[in-house]
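# Understanding the architecture of this molecule
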Amino acid sequence: MTGTLAAIVQGVEDSALANLIRQSCWLYPLLEIVYILGIVLLVGAAFLIDLRLLGFS
């Protein structure tokens, strides 16, 4: 099991996409911004639904 997981992780690390992210100056920060915006949208939508269920709509 551990050997298989290590092989998968090594394959991801050696992929062309991982290499592109490592070499690009702006791609990693852009991916982080998209990731954080996704979290904000998910939590914000859940918060609005909770407020509506509590009667604050």
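Residues numbered from 1 in each chain as written. Predicted model: local features only at pLDDT ≥ 70, side-chain atom pairs only at ≥ 80, totals over all residues. Heavy atoms only, no water.

On to the overall build of the protein, then. Secondary structure assignment for the protein yields three helices and zero strands. Across the protein, helices and strands are ordered from the amino to the carboxyl terminus as α-α-α. A principal-axis box enclosing the C-alpha atoms of the protein has dimensions of 50 × 35 × 10 Å. Relative to its 57 residues, the protein shows a buried fraction of 2%. Counting only carbon and sulfur atoms, one obtains 75% of the accessible surface of the protein, whose full area is about 5,300 Å². (Helix = DSSP H or I, 4+ residues; strand = E, 2+ residues; numbered from the N terminus. Buried < 20%, exposed > 50% of the residue type's maximum accessible area, 1.4 Å probe, protein only. Areas by Shrake-Rupley, 256 points an atom, 1.4 Å probe, with all protein chains shown as cover.)

Moving on to helix α3 (residues 27–53). Here α3 contains 27 residues, and its C-alpha end-to-end distance of 39 Å stays within 8% of the 39 Å for a straight helix at 1.5 Å per residue. G55 occupies a position one or two residues after α3 and carries a positive phi of about 95 degrees. (Expected span 1.5 Å × (residues − 1).)

Here we take up a nonpolar patch on the surface. A cluster of nonpolar side chains, namely Y35, I36, I39, V40, L42 and V43, defines an oily patch on the protein surface of about 610 Å² accessible area. Structurally, V40 can be placed in helix α3. (Patch = residues over 30% accessible without salt bridge, like charges linked within 9 Å, V, L, I, M, F, W, Y side chains within 5 Å. Salt bridge = Lys/Arg side-chain N within 4 Å of Asp/Glu carboxyl O.)

What follows deals with helix α1 (residues 2–13). Spanning twelve residues, α1 covers 16 Å between terminal C-alpha atoms, matching the ideal 16 Å at 1.5 Å per step. Judged by how many residues are buried, α1 sits mostly at the surface: zero of twelve residues are covered.

Let us now look at the confidence of the model for the protein. Here the protein averages 94 in pLDDT, while 98% of its residues score no lower than 70. Within the protein, no element has a lower average pLDDT than α1, which sits at 91, and none a higher one than α3, at 97. (pLDDT = per-residue confidence, 0-100.)

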